[in-house]
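Observations on chain architecture
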Amino acid sequence: MKQIRKILCAVDLSDHSKAVAEYATTIARATGASIIVVYTAPSLSQYVGFHVPPNTIENFVGEIVSGAEKSMESFVLENFPGVEAKGQVLIGYAAEEILSRANEEGADLIVMGTHGRKGIDRVLFGSVAEKVVKNATQPVLTIRPQA
């Protein structure tokens, strides 16, 4: 079995992210791995053509990123005790950014949550987890929310 030295833990900073962090922490403790915790803020660049000034969109994204960086800092401190973990806020399409960062960092494992959507919700919103699982070159552990 391949040794796990680096784990990419993708979170959305929701309540479910705590369970995702717990799994990543347990694996990191067992293997001695470090953890890169990532949150992806939307770029909103697709809305530039809708009579919204680009600087307004950039300001809004900047506020999202600033808030996410503050939330990420406290999230990492609270949820990854006893392991080496660092947080990063990315901007773009979540699945693409997660896959790209996992490859750039040389992650041996991706741990992420899934919303467990079904039916029309899944069709309308898609699944970041599904896209990551289908395209990742490393194993992906998905954590489904508890009912």
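The shown structure was predicted, so the numbers you read here are calculated from the model rather than taken from an experiment. (Residues numbered from 1 in each chain as written. Predicted model: local features only at pLDDT ≥ 70, side-chain atom pairs only at ≥ 80, totals over all residues. Heavy atoms only, no water.)

Each helix and strand in the protein was counted, giving 5 helices and 5 strands. The 147 residues of the protein split such that 37% are buried. Counting only carbon and sulfur atoms, one obtains 53% of the accessible surface of the protein, whose full area is about 8900 Å². (Helix = DSSP H or I, 4+ residues; strand = E, 2+ residues; numbered from the N terminus. Buried < 20%, exposed > 50% of the residue type's maximum accessible area, 1.4 Å probe, protein only. Areas by Shrake-Rupley, 256 points an atom, 1.4 Å probe, with all protein chains shown as cover.)

What follows covers the pairing of strand S2 (residues 34-41). Within S2, 8 of the 8 residues are buried, which leaves the element mostly enclosed by the surrounding structure. Where burial is concerned, the two faces of S2 agree: the one with Ser-34, Ile-36, Val-38 and Thr-40 and the one with Ile-35, Val-37, Tyr-39 and Ala-41 are both buried. Both strand S1 (residues 6-10) and S2 contribute to a ladder of 5 bridges, which runs parallel. Its bridge partner lying in S2, Leu-8 is registered against Ile-36. Crossover connection from S1 via helix H1 (residues 17-31) to parallel S2: handedness right-handed. Across 7 bridges, the pairing between S2 and strand S3 (residues 85-91) is parallel. Along S3, the bridge assignment pairs Tyr-39 with Val-89. (Pairing = 2+ DSSP bridges. Right-handed = clockwise from strand over helix to strand, strands pointing away.)

This next bit is on the sheet that holds strand S5 (residues 140-143). Two orientations exist for strands paired in a sheet by backbone hydrogen bonds: parallel and antiparallel. Across the sheet, 5 strands lie side by side as S3-S2-S1-S4-S5; this open sheet has parallel pairing. Since the sheet does not close on itself, it has two edges, and those belong to S3 and S5, each with one partner. Going from strand to strand, the sheet's axes swing by 20° on average, the running direction of each strand aside. In this sheet, S5 lies alongside strand S4 (residues 109-113) in parallel orientation, the contact comprising 4 bridges. Bridge pairing in S5 links Ile-110 to Val-140. (Axes fitted to C-alpha atoms, helices over the stretch in contact; angles between N-to-C directions.)

By size, the foremost hydrophobic cluster in this structure holds 24 residues, and its most contacted members are Ile-7, Ile-35, Val-37 and Phe-80. The biggest single contributor to this core is helix H2 (residues 54-79), with 5 residues. Non-local contacts of Ile-7, meaning those with residues more than four positions away in its chain, are made with Ala-24, Ile-27, Ala-28, Ala-33, Ser-34, Ile-35, Ile-36, Leu-109 and Val-111. Within the second largest apolar cluster, 15 residues are counted, among which are Ala-102, Ala-107, Ile-110 and Met-112. (Core = buried A, V, L, I, M, F, W, Y, C linked by side-chain atoms within 4.5 Å. Contact = heavy atoms within 4.5 Å.)

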